[in-house]
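A closer look at the structure
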Amino acid sequence: MLSESPDEQLTYLDKRVVLVVAVADNGVIGNGPEIPWRIPGEQAEFKALTMGHTLVMGRTTFESIGRPLPGRTTIVLTRDPEWSFEGVLVANTIEEALAMAAGLPGDVMVAGGAQVYAAALPYADRQVITRVRLTPEGDVHYPAYPAEEWTETTREPHELYDRVFLERRSAQV
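Calculation notes
- Residues numbered from 1 in each chain as written.
- Predicted model: local features only at pLDDT ≥ 70, side-chain atom pairs only at ≥ 80, totals over all residues.
- Heavy atoms only, no water.
- Phe/Tyr/Trp six-rings, centres within 6.5 Å; stacked < 30°, edge-to-face > 60°.
- Helix = DSSP H or I, 4+ residues; strand = E, 2+ residues; numbered from the N terminus.
- Buried < 20%, exposed > 50% of the residue type's maximum accessible area, 1.4 Å probe, protein only.
- Core = buried A, V, L, I, M, F, W, Y, C linked by side-chain atoms within 4.5 Å.
- pLDDT = per-residue confidence, 0-100.
- Contact = heavy atoms within 4.5 Å.
- Salt bridge = Lys/Arg side-chain N within 4 Å of Asp/Glu carboxyl O.
- Pairing = 2+ DSSP bridges.
- Axes fitted to C-alpha atoms, helices over the stretch in contact; angles between N-to-C directions.
- Lys, Arg positive; Asp, Glu negative; His and termini not counted.

With that settled, consider the packing of aromatic side chains. Within this structure, the stated rule accounts for six aromatic pairs. Ring centres of Phe-62 and Trp-83 lie 5.8 Å apart, and the angle between their planes is 85 degrees; this geometry places the pair in the edge-to-face category. Of this pair, Phe-62 sits in helix α3 (residues 59-65) while Trp-83 sits in the loop between β4 (73-77) and β5 (89-91); the two residues are 21 residues apart in sequence, bridging distant segments of the chain. Like Trp-83, Phe-62 is buried.

What follows deals with the nonpolar core. Counting 26 residues, the largest nonpolar core has Leu-19, Val-56, Val-110 and Tyr-142 as the members making the most contacts within it. Looking at this core, the elements with two or more residues in it are β1 (17-24), β4, α4 (94-101), β6 (108-110), α5 (114-120) and β10 (161-168). Val-20, Leu-49, Met-109 and Val-128 belong to the second largest nonpolar core, which has 14 residues in total.

Parts of the prediction with low pLDDT should not have their coordinates interpreted in detail. Predicted confidence across the protein chain gives a mean pLDDT of 91, with 91% of residues reaching 70 or more. For residues 1-11, every residue scores under 50 in pLDDT, and the model assigns this stretch 17 contacts once sequence neighbours within four places are set aside.

What follows covers the pattern of salt bridges. Tallied over the full model, the rule gives nine salt bridges. The partner of Arg-133 in a salt bridge is Asp-162, and the shortest N-O contact between them spans 2.5 Å. Of this pair, Arg-133 sits in the loop between β7 (126-132) and β8 (140-141) while Asp-162 sits in strand β10; the two residues are 29 residues apart in sequence, bridging distant segments of the chain. A residue is classified by how much of its surface remains accessible, and Asp-162, at 14% relative accessible area, is buried. Among the charged side chains, a network of salt bridges with common partners joins Arg-133, Glu-152, Arg-155 and Asp-162.

What follows concerns the sheet that holds strand β3 (residues 54-58). Across the sheet, which stays open at both edges, the eight strands sit in the order β5-β4-β3-β6-β1-β7-β10-β9 with mixed pairing between neighbours. Looking at which strands have only one partner, the edges of the open sheet turn out to be β5 and β9 (150-157). Each adjacent strand pair in this sheet contributes to an overall mean axis angle of 25 degrees, direction not counted. With three bridges connecting them, β3 and β6 associate as parallel partners. For Leu-55, the partnering residue across the bridge sits in β6 and is Met-109.

For the rest of this paragraph, the subject is the side chain of Asp-125. Residue position: Asp-125 is located in the loop between α5 and β7. Here Asp-125 sits buried without a salt bridge, and the closest side chain of opposite charge, Arg-16, lies 4.1 Å off (N-O distance).

This next bit is on the environment of Asp-14. Along the chain, Asp-14 turns up in the loop between α1 (6-13) and β1. The sequence separation of Asp-14 and Ala-24 amounts to 10 residues, and the corresponding C-alpha distance is 32 Å.

For Val-164, the location among the structural elements is in strand β10. We classify Val-164 as buried; its relative accessible area is 0%. Sequence spacing of Val-164 and Leu-134 is 30 residues, and the spatial spacing of their C-alpha atoms is 16 Å. Non-local contacts of Val-164, meaning those with residues more than four positions away in its chain, are made with Gln-127, Val-128, Ile-129, Arg-131, Glu-152, Thr-154 and Arg-155.

Here is the structure:
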């Protein structure tokens, strides 16, 4: 059973909870189940970042991919108790997903969608945000987060985007 406090939760997990997302300048991360851009090389970077880790994603995000991604354990978060898919684990809450991930390889890499990011944010200690220099139409947005709780540790500039690594600041004593 997981503790009530997100800070205690992270200690219990003994692994990082990392939000991995591509966000346009206008906060859009999707248009329905689709990503409203294709940027050469960005998906390869996602693969390299998440390989060997445990992916947590919502059902809609998973169904837009259509299959478990090789080299990663996938936990799909859904409210539908009847939903299943061969080769993935299923959880009904973020806490259940994190409890499952505690015994799985690598860190916990949260890969969307918006509701899953929002649910995982209190447990996250790292964000890897691909800041896409576009303003596409879209109806799915990355949730707001308190910027003062995060420190940028690395920025990797690319032609069409910057990959930004954020770490949650330690609690002040």
